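# Coordinates in review
For reference, the chains in residue letters:
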Amino acid sequence: MPTSEEAKEISRNFIDEVFNKRNLKHAEEILTDVFVEHSPPPGVMGNDRAAAMAGFQMFLDSSDDLRVEIMELISDGNRVAIRGRYSGTDTGGFAPGVPPTGKRFDIEGIDVAVLDDEGRFAEHYGIPDAMTAMAQLGMLEGPPA
C-alpha cells in the first residue's frame with residue numbers, strides 16, 4: 001500500500017499527465033481493471049473503468065485549453081482528497097448535446113480517490129461545481145428582474 005506521501009505524488013502526477021498534458025495513456029495505465037467511478041458525468045453510461053475513460057475523454061474534448069490546478073491535497077493512507085481549480089474555454093460543448101459557447105469557465109471541485117496496494121486508482125468520487133460553470137458559460141437564466 002502506498003504511503004500518504006506516495007499517494008499524494010501519484011495523484012499530483014495523474015492530474016498533471018491526464019488533464020494538463022492530455023495524456024490518456026497514463027490514465028489507462030494507472031486505473032485498475034476493476035476501477036469504480038462513483039460519480040460518472042452526465043452522458044457517460046456505467047461506472048466502470050471504461051466509463052471513467054470515456055468521462056476523461058469527454059472532459060478533455062470540452063475544452064482545448066483545460067487546466068487543472070491542485071489547491072489542496074490531503075491523504076490518509078491510500079485515500080486522497082483533492083480540492084482543485086478547473087479552468088478553460090468551452091470549445092467542445094460543456095455538456096452532451098450542448099453546443100460550445102466559446103466562453104471561459106473557472107470552477108472548483110472536490111475529488112476523493114482510493115488507491116490499491118500497488119498504487120493504482122481503484123475508486124473515485126467527484127463533486128464539480130457544475131452550476132457555477134453553467135452560469136459562467138451563459139447556460140442558466142438569471143432571476144427575473
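This text follows the structure it describes.
What this report covers is the structure whose coordinates are included nearby. Source: prediction; values computed, not measured.

Here the focus is the overall build of the chain. Per the secondary structure count, the chain includes 4 helices and 5 strands. Element order for the chain, N to C, with α for helix and β for strand: α-α-β-α-β-β-β-β-α. The C-alpha atoms of the chain give a radius of gyration of 15 Å, which matches the 15 Å a tight globule of 145 residues would have. Considered along the principal axes of its C-alpha atoms, the chain spans approximately 55 × 25 × 25 Å. Within the chain, buried positions represent 38% of all 145 residues. For the chain, the proportion of contacts with a sequence separation of at least 24, taken over those separated by at least 6, is 54%. Entry remark: accessible area of the chain is about 7900 Å², with carbon and sulfur atoms responsible for 55%. Across the chain, 13 positive and 26 negative side-chain charges occur, with their mean positions spaced 4 Å apart.

Okay, the side chain of Thr89 next. Looking at the element boundaries, Thr89 is found in strand E3 (residues 79-89). Classification of Thr89 by relative accessible area gives buried; the value is 14%. Within the structure, the side chain of Thr89 is placed 3.1 Å from the side chain of Arg104, a separation counted as a polar contact.

What follows deals with helix H1 (residues 4-20). An ideal rise of 1.5 Å per residue puts 24 Å on 17 residues; H1 measures up with 23 Å between its terminal C-alpha atoms. Those residues of H1 that sit buried are Ala7, Lys8, Ser11, Phe14, Ile15, Glu17, Val18, Phe19 and Asn20. On its buried side, H1 packs onto helix H2 (24-30), helix H3 (49-62), strand E2 (67-76), E3, strand E4 (104-115) and strand E5 (121-128). Once H1 finishes, Arg22 follows within two positions and takes phi at roughly 60°, a positive value.

All right, on to the packing of H1 against H3 then. The contact between H1 and H3 brings their axes to 10 Å, and the two run at 60°. Taken as axis vectors, H1 and H3 run oblique relative to one another. Contact residues: Phe14, Val18 and Phe19 in H1; Phe56, Phe59 and Leu60 in H3. Within the contact of H1 with H3, the residues separate by chemical class into 6 nonpolar, no polar and no charged.

What counts, and where the lines are drawn
- Residues numbered from 1 in each chain as written.
- Predicted model: local features only at pLDDT ≥ 70, side-chain atom pairs only at ≥ 80, totals over all residues.
- Heavy atoms only, no water.
- Helix = DSSP H or I, 4+ residues; strand = E, 2+ residues; numbered from the N terminus.
- Rg over C-alpha atoms; globule rule 2.2 N^0.38 Å.
- Buried < 20%, exposed > 50% of the residue type's maximum accessible area, 1.4 Å probe, protein only.
- Contact = heavy atoms within 4.5 Å.
- Areas by Shrake-Rupley, 256 points an atom, 1.4 Å probe, with all protein chains shown as cover.
- Lys, Arg positive; Asp, Glu negative; His and termini not counted.
- Charge placed at Lys NZ, Arg CZ, Asp CG, Glu CD.
- Polar contact = N/O pair within 3.5 Å; in protein donor to acceptor, adjacent residues only side chain to side chain.
- Expected span 1.5 Å × (residues − 1).
- Axes fitted to C-alpha atoms, helices over the stretch in contact; angles between N-to-C directions.
- Parallel < 35°, antiparallel > 145°, perpendicular 65-115°, else oblique.
- Nonpolar A, V, L, I, M, F, W, Y, C, P; charged D, E, K, R; others polar.

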